[in-house]
Number of protein chains: 2
Amino acid sequence: MKNFSQWFHDILEEAELMDARYPIKGMSVWLPRGFQIRKYALKALQELLDEDHDEVLFPMLIPESELAKEAIHVKGFEEEVYWVTQGGKRELNEQLALRPTSETSMYPMFSLWVRSHMDLPIKVYQTVNTFRYETKHTRPLIRVREITTFNETHTVHATKEEAEEEVKTGIEIYKQFFDELAIPYSICRRPEWDKFPGSDYTMAFDMIMPDGKTLQIGTVHNLGTTFAKTFDITFENDEGEHEYAYQTCYGLSDRVIAALIAAHGDEKGLKLPPVVAPEQVVIIPIIFKEKEDIVLDFTNKLEQLLKSNGIRTKQDKRDIRAGKKYYEWEQRGLPIRIEVGPRDIENKTIVVNRRDTGEKEFVDYDETTIVEYIKNLLDDISENMRNEANKFQEEKTYPVEKLEQVKKTINKKGGIITCNWCGQTDCGKDMEEKFDIDILGTQDADVSGECINCGNPAQSKVLISKTY
Amino acid sequence: MKNFSQWFHDILEEAELMDARYPIKGMSVWLPRGFQIRKYALKALQELLDEDHDEVLFPMLIPESELAKEAIHVKGFEEEVYWVTQGGKRELNEQLALRPTSETSMYPMFSLWVRSHMDLPIKVYQTVNTFRYETKHTRPLIRVREITTFNETHTVHATKEEAEEEVKTGIEIYKQFFDELAIPYSICRRPEWDKFPGSDYTMAFDMIMPDGKTLQIGTVHNLGTTFAKTFDITFENDEGEHEYAYQTCYGLSDRVIAALIAAHGDEKGLKLPPVVAPEQVVIIPIIFKEKEDIVLDFTNKLEQLLKSNGIRTKQDKRDIRAGKKYYEWEQRGLPIRIEVGPRDIENKTIVVNRRDTGEKEFVDYDETTIVEYIKNLLDDISENMRNEANKFQEEKTYPVEKLEQVKKTINKKGGIITCNWCGQTDCGKDMEEKFDIDILGTQDADVSGECINCGNPAQSKVLISKTY
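Residues numbered from 1 in each chain as written. Chains lettered and ligands numbered in written order. Predicted model: local features only at pLDDT ≥ 70, side-chain atom pairs only at ≥ 80, totals over all residues. Heavy atoms only, no water.

A.B. asks: Help me understand helix H13 (residues 403-413) of chain B, please; the structure alone is not making it clear to me.
C.D. replies: Residue and element names in this part refer to chain B. By the burial criterion, the buried members of H13 are Val406, Thr409 and Ile410. Take H13 and look down its axis: the buried residues cluster within an arc of 90°, on one side only. The outward face of H13, more than 90 degrees from its buried face, is lined by the exposed residues Glu404, Lys408 and Lys412. Packed against the buried residues of H13 are strand S20 (397-399), strand S21 (416-421), helix H14 (425-435) and strand S23 (460-465). (Buried < 20%, exposed > 50% of the residue type's maximum accessible area, 1.4 Å probe, protein only. Helix = DSSP H or I, 4+ residues; strand = E, 2+ residues; numbered from the N terminus. Arc of directions from axis to C-beta. Contact = heavy atoms within 4.5 Å.)

In structure tokens:
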């Protein structure tokens, strides 16, 4: 892909995912096909979350007094909060924030809910719209002013250990979710100066985009007791003493859909993993005048057979050239295309095309085995797409040992470079400035030797890239 | 129910549906159980809409210039629109409205989407949060400042006839939806002065609440070409001429959940129709020390059997008195409670309790028939609840022939009264003021005789009530 930025812009329109012409900068419309993909992605996520978390829904507006309570937190957001100041023709007594994230809407309520350790743990999540007044250049799904899809989980625990355990659970859920969607990732611990405002630490997922820059696609935060102290979330322990609760939160956004699009697309258009494809199979009847009934009789039965076995199937009977149909469905990224003409029916074969590899196969048609064949093929496609995407992320991750290679490697090859680092904020910020790169964060690893930048003893491996 | 208002307030907390203590008036938190009920209700609605409508998602903010374009429309909303005036620390160039409803966010885009009659019809819906700056007394789900659940359908057509047809479709969908949820309703055409601002006419669904007042639970609007003219939604017809498109929109809100709660609750608490119950069956093992294994072995198998057949089932094994469990699950409104003790297992029976009638039955237990028995019972419960609710609505609807009975009947009995009416705005408003009632609207009927108020020839039957 020569120009990813342009490709990404075009594909949203061509594959009928979003309309970016809404008359407010940074806000777009989800079109029916895009909405379906979003729906199936959310479904996969929620199935994972539902195992041990309850879905809730909190109000969208936050009183200024609540938002302002946690000083470090508000400092992280104050430049980009939208404020409601007026109701009807009256000025409001207290201005209200459009939630930039929901800690300050949820935690005053948690304070009411938690009385004793019997009320713990709390594990809830919601999928909502959130808002950021972005002053930078906006881009649909990636840098927006309305995040239309913000899935955020918030938990409260009696002990530090349980909160640590929940961080691991959150990471595990996101790994499974991204694996299902065939989205590759690297996980690291964000540096001190880039952690979530108010958290003890932040674990983050980054994907390498086709242009070599990384996109943050998910974060898991250990909040420690900072917010519990601010919002007075305490419980009475077995000894009758009041203790502050330990909290975590983790979230995903519209960026998951951007990652999905970017990880698999090609010059022909979108490539959808079966799990999120609005239609997993499209059937194209090849119709010649005198054989129309025979063909449609066959394809109608096939459509019904696949549908009744839970395979999302569409038959395209439109009266336009077959070639145009192939082009359209390839652009829209459907995993499997089946073509059936009169001669195929005579020969008892169907033609099966895979979008992921472009392979075409003549398959002996047997009603008793075709469903299993298609299901297996969908599984193959999922696995192949996951492997391909992971391979790309691995191949674009470069271990580097000498300082002069840092900037050169990133500028030439993009991707993520890994090297030894001392872990000091001064040294990290120095590198960021010197090389015009971003420190994504650290990974625990047995390191020996010196920090690549300052020469002090290395504490960990660090991930570096240019970021979105 | 002696005091419906207090009962409604209490049930939200007792059945763990919502928490109304959020620090902004008129905005509440959906708790996990409430959220589940909302989810199943939305699912039932979306299945009906999905047959012929596509789901989309439009931005939440609307530029003032768009909101102000349709003068009649904006007049209907200007007193209650929330305005965002600030982003970060800067004042915005143009203030942005929190959508009170989405005509003015959607229709500028429709104008871009519609070029020729080939682009029509458009039939889309979304489920979103909307906002009204209510100055009156607020009440969760009924009169709120954030409508957290606004399901709105918007359609565009080439002809007036198609738009009329879509109004009928919308009414049909809502009828089926309310029937499924066992919510009773009366349908009428709102009077001129109470139609949706900017519409040609409004069809509305009203339910009689336990206190005798009516609650508007759904509306279907024929917009004619008013908005098409304002937002320039035109198409080229077969003759190459530009024509204005015809539009409809229809919507439902959180009030559906309020109606659901109000239609079926009793002194014991909530009563949920099976379609929306988070759990349709709760199994209570009656455990005595030495027989624990026998009982749990049985109830675990029963739980698995019901679950694997698609019946939402919960087993309550908590170590508390059985009586307390009965009380809780009755309060939460679960349709069926099954009790199983050691003696029941010996006798090969289980005890099945219906929440709707309070009936208790000893059922011969047979693994091969129990699933069907429970499914049939759930169907029975659904039907019985629907019949009971409809009966209430019918019994509280009073035909009245003399003017002096209007106020007396409503004050004494509540509900809806029907009578002959001339259809004139002056006369209608005169009645509203004189009797402190609301004209809900008209129903087509063969009427003869005079208007109950002014004595002019009657044009239709009119529905009158006190409203929420």
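The rest of the description comes next.
A.B. asks: How do you make sense of the side chain of Thr418 of chain A when you look at a structure like this?
C.D. replies: All names here are of chain A. The topology assignment puts Thr418 in strand S21 (residues 416-421). Exposure remark for Thr418: the relative accessible area of 10% places this residue in the buried category. Once you skip the residues sitting within four places of it in the chain, Thr418 turns out to touch Thr397, Tyr398, Pro399, Val400, Lys461, Val462 and Leu463.

A.B. asks: In this structure, what is going on with the state of the cysteines? I would like to understand it.
C.D. replies: Covalent bonding between the sulfur atoms of two cysteines is what defines a disulfide. Residues and elements named next belong to chain B. Evaluated as defined, the whole model comprises zero disulfides over all chains. Just so you know, Cys422 is unpaired, no disulfide at all, and the nearest cysteine sulfur is the one on Cys454, 3.6 Å from it. Residue class for Cys422 comes out buried when judged on its relative accessible area of 4%. With no disulfide of its own, Cys451 has Cys427 as its nearest cysteine by sulfur position, at a separation of 3.7 Å. Owing to a relative accessible area of 4%, Cys451 belongs among the buried residues under this scheme. (Disulfide = S-S within 2.5 Å.)

A.B. asks: I tried to follow the relation of the copies chain A and chain B on my own but got confused; where do I start?
C.D. replies: The pair of chain copies shares a relation made of a rotation about an axis and a shift along it. At an RMSD of 0.0 Å, chain A and chain B line up after a rotation of 180° and a shift of 0.0 Å along the axis. Such values leave the two copies arranged in the relation of a two-fold axis. Of the C-alpha atoms belonging to chain A, the one lying closest to the rotation axis is found on Val84 of chain A, 2.1 Å away. The fraction of interface residues of chain A whose copies in chain B are also interface residues reaches 100%, indicating that both copies meet through the same surface. (Least-squares fit on C-alpha atoms with pLDDT ≥ 70 in both.)

A.B. asks: What's the story with the sheet that holds strand S18 (residues 349-354) of chain A in this structure? I'm lost.
C.D. replies: As a general point, the strands of a sheet are linked pairwise by backbone hydrogen bonds and lie either parallel or antiparallel. Residue and element names in this part refer to chain A. As summarised here, the arrangement of the five strands in space is S16-S15-S17-S18-S19, forming an open sheet in which the pairing is mixed. Looking at which strands have only one partner, the edges of the open sheet turn out to be strand S16 (313-315) and strand S19 (360-364). Pairwise comparison of adjacent strand axes, ignoring direction, gives a mean angle of 25° for this sheet. Note: S18 against S19, five bridges, orientation antiparallel. When the bridges of S19 are listed, Ile350 appears paired with Val363. Those strands touched by helix H10 (residues 322-332) are strand S15 (281-285), S16 and strand S17 (336-340), and its axis lies near 175° from that of S15. (Pairing = 2+ DSSP bridges. Axes fitted to C-alpha atoms, helices over the stretch in contact; angles between N-to-C directions.)

A.B. asks: Explanation requested: the packing of helix H1 (residues 4-14) of chain A against helix H8 (residues 255-264) of chain A in the structure shown.
C.D. replies: Residue and element names in this part refer to chain A. Put simply, H1 and H8 touch, their axes get as near as 11 Å, and they point 115° apart. Between H1 and H8, the angle falls in the class roughly perpendicular. The crossing of H1 and H8 is right-handed. Facing Phe4, Trp7, Phe8, Ile11 and Leu12 of H1, the residues of H8 in contact are Ala258, Ile261 and Ala262. In the contact of H1 with H8, the residues fall into eight nonpolar, no polar and no charged. (Parallel < 35°, antiparallel > 145°, perpendicular 65-115°, else oblique. Left-handed = near helix turned anticlockwise from the far one by under 90°. Nonpolar A, V, L, I, M, F, W, Y, C, P; charged D, E, K, R; others polar.)

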